[in-house]
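Topology and contacts: notes
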Amino acid sequence: MVNDLFERYMSAADTYILHSKTCPTCRTAAACRPAARLFGRFSDLQAAHLAQLAQRTVTQRIKGA
């Protein structure tokens, strides 16, 4: 089963990477505002995905005990 949260997290990572490689501002200086927003979205989705994995692990341990 494909995890929708994982797919969104990876898509956000791809979007951020593509932006940072093609944005003239990001290539020559600190990240621009859109890049910061994209990175924030990626970071939030990554944290949610990792929390979901941690919860799944705890649930599996409880069921297996």
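Preceding block: the structure.
Residues numbered from 1 in each chain as written. Predicted model: local features only at pLDDT ≥ 70, side-chain atom pairs only at ≥ 80, totals over all residues. Heavy atoms only, no water.

**Re the packing of helix α1 (residues 4-22) against helix α3 (residues 33-64)**
In helix packing, the relevant descriptors are the interaxial angle and the interaxial distance, both defined with respect to the helix axes. The line we're drawing: As a rule, the C-alpha atoms of each element are fitted with a line to give its axis, helices using only the stretch in contact, and angles between N-to-C directions run from 0 to 180 degrees. Counting from the N terminus, the helices are DSSP H or I runs at least four residues long and the strands are E runs at least two residues long. Roughly parallel means an angle under 35 degrees; roughly antiparallel means over 145; roughly perpendicular covers 65 to 115; every other angle is labelled oblique. Here a crossing is called left-handed whenever its near helix is offset anticlockwise from the far helix by less than a right angle, and right-handed whenever the offset is clockwise. In what follows, a contact means two residues having at least one pair of non-hydrogen atoms within 4.5 Å.
Their axes nearest at 9 Å, the elements α1 and α3 cross at an angle of 155°. As summarised for this structure, α1 and α3 are arranged roughly antiparallel, according to the angle between their axes. Here α1 and α3 pass one another in a crossing that is left-handed. Along its contact with α1, which presents Leu5, Phe6, Arg8, Tyr9, Ala12, Ala13, Thr15, Tyr16 and His19, the element α3 presents Pro34, Ala35, Leu38, Phe39, Arg41, Phe42, Leu45, Gln46, Ala48, His49 and Gln52.

**Let's talk about the environment of Gln46**
This is how the line gets drawn: Each residue's exposure class comes from its accessible area (1.4 Å probe, protein chains only) as a fraction of the maximum for that residue type: buried when under 20%, exposed when over 50%, partly exposed otherwise.
One can find Gln46 in helix α3. With relative accessibility at 25%, the residue Gln46 sits in the partly exposed group. Through-space distance from the C-alpha of Gln46 to that of Ala13 is 8.9 Å; in sequence the pair is 33 residues apart.

**Structural notes on the packing of aromatic side chains**
The cut-off we apply is this: Stacked, tilted and edge-to-face are the three classes assigned to paired rings of Phe, Tyr and Trp, where Trp is represented by its six-membered ring and a pair needs centres within 6.5 Å; plane angles under 30 degrees give stacked, over 60 edge-to-face, the rest tilted.
A complete count under the given rule lists four aromatic pairs for this structure. Here Phe6 and Tyr9 contribute two aromatic rings whose centre-to-centre distance is 6.0 Å and whose plane-to-plane angle is 75°, an arrangement assigned as edge-to-face. Of this pair, Phe6 and Tyr9 both sit in helix α1, three residues apart, which is roughly one turn of the helix. Using a relative accessible area of 33% as the deciding quantity, one classes Phe6 as partly exposed. A residue is classified by how much of its surface remains accessible, and Tyr9, at 13% relative accessible area, is buried. Between the aromatic rings of Phe39 and Phe42, the centroid separation amounts to 5.7 Å while the plane-to-plane angle is 55°, which identifies the pairing as tilted. Placement of the pair is Phe39 and Phe42 together in helix α3, with a separation of three residues, close to one helical turn. By relative accessible area, which is 40% here, Phe39 ends up partly exposed. Pairwise contacts between aromatic rings join Phe6, Tyr9, Tyr16, Phe39 and Phe42 into one cluster.

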